[in-house]
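Architecture and fold: a report
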Amino acid sequence: MVEIDRALADVRMLGAGLGSLETWQTWLVALKAAFALPLTDEERELFRAIAGERGLPKHRVRELWCVAGRRSGKSRMAAAVAIFLALFQKHRLSPGEKGMCLVLAGTVDQARVVFNYVHGFLEASPALQREVVAVKRHEIELRNGITIGVHPNSFRSVRGRTLVACIFDETAFWRDETMATPDTETYTAVLPSLATTNGMLIGISTPYRKAGLLYAKFRDCYGDDNDDVLVVQGTSKMFNPTLSDTTIAALRAADPTAAGAEWDALFRDDIGAFLDDQSIDAAIDHGRPLELPPREGMLYHVFVDMGGGRHDASTIAIMHSIGEGDARRYVADVVRGRKGDPHAAVREFVDLAKQYHCSTIWGDNYGAEWVAGSYREAGAEYLQSKLVRSELYLSGLPLFTRGVVSIANQPPLLRELRLLERRTARSGKDTVDHGVGGSDDYANSLFGALHLAASVPFYQEPPIVMPFVGGTPRYFPGSNEFTGAGAPTSSSAPAASYDYNRNQDWKAYVNSDGSIRSTPRGPWDI
């Protein structure tokens, strides 16, 4: 059986495509240690530097995790190792069973890059080229019955396969439209597929924030004398000494905040999860439907986040509050999104808002005039929030941590909430936004509506209304008396900044028989 150091060095094998190993020494040391091959004294020193002063594994590890900076040759090495594991290892397969060496990348484009490297290595060596039976769009079939597949990550696609090895490329940046933790879900799905073949799992990635599978492996296993899991970490320059110091210095100056992760392979301290899982889980009401129907007597608030076209979602959130003081709770009745024509979304959202007796819709300043104009044409008033997105998030954070927010079990919303990132600038100012390649359309609408609901004071006194018109009291600005049967003789005026007539919260003070209440109705009165 050919060892990995020989396969990488021999020009008749992977060396034909890799070239001189002089610039690949750190990678070679990490791989030799992972396969329990002997190291020279010089290589031992390098190993201790990248492995946290741990000892050498006593046998081939089950998992190897490489935390390396940008431009360190990660994808190229992933391709070379995939070929080695497919061609130069003995595999325990049943008669007729087909094995696969699977490489999973973050996106379709990244998968194509790795696939091209795999194909290039095989084409560069006549000996390896003879082992190829067929080249397909994402897979290469080999004469020994093993297939090398390079695909975008998906925990669904790996189930049912017999894997002889699996390589995760850029794990820290995996994103999925349906879940917040695609790296963990894929890892969980892959392990049983590797179990029967004693296959090896290799993760190679630049670090990002202190969350996710890569960080968990680094936190738990880096520097630990674990014979099953090896974690190594090194700067871009350590793994790729051909990089120019001048170029790296210029890039550091351009973005010093990100330089620690990009070039020094350090997990970022300035980025953290905005909401912890416990706060999100506590807010989920599993016993309710996805959307709550409108109820008479409730004061609703509407906030929208308009998308720009086919790929961006336009979203709407409708919320009300119940109770008062410390017992006040905020219920998200509707959080809905749709992609496609934003003008069609405007019409849908206006019709939906009217069902909840809301003719005023709030949103951010995206699109400015065309958004406001579209809502006016559809029969609603559009007002821009004075708070920017980060301010909306930060204003709603205490309500989530106090556990007074109620939301439906809605996967797109929950995914966005879990992936929101809180960044601290060098000035000390905090900002909140979605992560790399992510989105926060649903979350932005939710926090916008939450801010509106939390900003409205809870009134014990009834609002001032006009005389009954058709059995319905109306508010008359400037008046300080109710009139009509059963009405109180006077009342203090409501806050001038709040328009009761427009938002129609007077309904909370009207009984079904038309009489006036001194306190607002709650959901228990309906």
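Nothing here was measured: the structure is a model prediction, and the numbers come from that model.

For the rest of this paragraph, the subject is the overall build of the protein. Along the protein, the regular secondary structure elements total 19 helices and 19 strands. Taking all 526 residues of the protein together, the buried fraction comes to 50%. Long-range contacts, defined as pairs at least 24 residues apart, comprise 69% of the intrachain contacts of the protein with a sequence gap of at least 6. A total accessible area of about 23400 Å² is found for the protein, and carbon and sulfur atoms account for 50% of it.

Moving on: the sheet that holds strand β10 (residues 301–305). Within the open sheet, the 6 strands sit side by side as β14-β13-β10-β11-β12-β15. Their pairing is mixed. If you trace the sheet from one side to the other, it starts and ends with β14 (381–384) and β15 (405–406), each paired once. Taken together, the 4 bridges between strand β13 (residues 360–363) and β14 define a ladder with parallel strand orientation. The partner of Thr360 across the bridge, within β14, is Glu381. Taken strand by strand, helix α14 (residues 342–355) contacts β10, β11 (313–322), β12 (329–339) and β13, and its axis lies near 150° from that of β12.

Within the element layout of this structure, Gly308 appears in the loop between β10 and β11. For Gly308, a relative accessible area of 45% gives the class partly exposed.

Further remarks concern the pairing of strand β5 (residues 146–152). With 6 of 7 residues buried, β5 is to be regarded as a mostly interior element. The pairing of strand β2 (residues 99–105) with β5 spans 7 bridges and is parallel. For Gly99, the partnering residue across the bridge sits in β5 and is Ile146. Taken together, the 3 bridges between strand β4 (residues 139–142) and β5 define a ladder with antiparallel strand orientation. Within β5, the residue paired with Glu139 across the bridge is Gly149.

Here helix α6 (residues 108–124) is 17 residues long and its end C-alpha atoms lie 24 Å apart, about the 24 Å a rise of 1.5 Å per residue gives. The set of residues buried in α6 consists of Ala111, Val114, Phe115, Val118, Phe121 and Leu122. Seen along its axis, α6 keeps its buried residues to an arc of 120°; they face one direction.

This part is about the confidence of the model for the protein. Averaged over every residue, the pLDDT of the protein is 83; the share at 70 or more is 84%. Contacts for the low-pLDDT stretch residues 459–463, under 50 throughout, to residues beyond four places or in other chains number 22 contacts. Segment residues 472–510: pLDDT under 50, and 95 contacts once partners within four positions in sequence are set aside and those in other chains are kept.

Below, the discussion takes up the sheet that holds strand β6 (residues 163–169). Strand order in the open sheet formed by 8 strands is β3-β4-β5-β2-β6-β7-β1-β8, with mixed pairing between adjacent strands. The sheet terminates laterally at β3 (132–135) and β8 (229–234), the two strands that pair on one side only. Recorded for the sheet is a direction-independent mean angle of 10° between the axes of neighbouring strands. The strands that helix α9 (residues 212–221) touches are β1 (63–68), β6, β7 (200–205) and β8; relative to β1, the one it contacts most, it runs at about 105°.

So, on to the nonpolar core. Of all hydrophobic cores here, the largest spans 62 residues; its most connected members are Leu8, Leu14, Leu64, Leu85, Val118 and Leu230. In terms of residue count, helix α5 (residues 74–87) provides more of this core than any other element does, 11 residues in total. In this structure, Leu85 is in contact with Phe35, His91, Cys101, Ala165, Met200 and Ile202, ignoring residues within four places of it in sequence. Among the nonpolar cores identified, the runner-up in size contains 32 residues, and Leu392, Leu397, Val432 and Ala449 belong to it.

With that out of the way, let us pick up the packing of helix α3 (residues 25–34) against helix α4 (residues 41–51). The N-to-C vectors of α3 and α4 enclose an angle of 85°; their axes lie 10 Å apart at closest approach. The angle between the axes of α3 and α4 places the two elements in the roughly perpendicular class. Facing Gln25, Thr26, Val29, Ala30, Lys32 and Ala33 of α3, the residues of α4 in contact are Glu43, Leu46, Phe47 and Ile50. Class assignment of the residues belonging to the contact of α3 with α4 gives a composition of 6 nonpolar, 2 polar and 2 charged.

Direction of pairing for β3 relative to β4: antiparallel, over a ladder of 3 bridges. Along β4, the bridge assignment pairs Ala134 with Glu141. The antiparallel hairpin formed by β3 and β4 contains 3 residues in its connecting segment.

Definitions and limits used
- Residues numbered from 1 in each chain as written.
- Predicted model: local features only at pLDDT ≥ 70, side-chain atom pairs only at ≥ 80, totals over all residues.
- Heavy atoms only, no water.
- Helix = DSSP H or I, 4+ residues; strand = E, 2+ residues; numbered from the N terminus.
- Buried < 20%, exposed > 50% of the residue type's maximum accessible area, 1.4 Å probe, protein only.
- Contact = heavy atoms within 4.5 Å.
- Areas by Shrake-Rupley, 256 points an atom, 1.4 Å probe, with all protein chains shown as cover.
- Pairing = 2+ DSSP bridges.
- Axes fitted to C-alpha atoms, helices over the stretch in contact; angles between N-to-C directions.
- Expected span 1.5 Å × (residues − 1).
- Arc of directions from axis to C-beta.
- pLDDT = per-residue confidence, 0-100.
- Core = buried A, V, L, I, M, F, W, Y, C linked by side-chain atoms within 4.5 Å.
- Parallel < 35°, antiparallel > 145°, perpendicular 65-115°, else oblique.
- Nonpolar A, V, L, I, M, F, W, Y, C, P; charged D, E, K, R; others polar.

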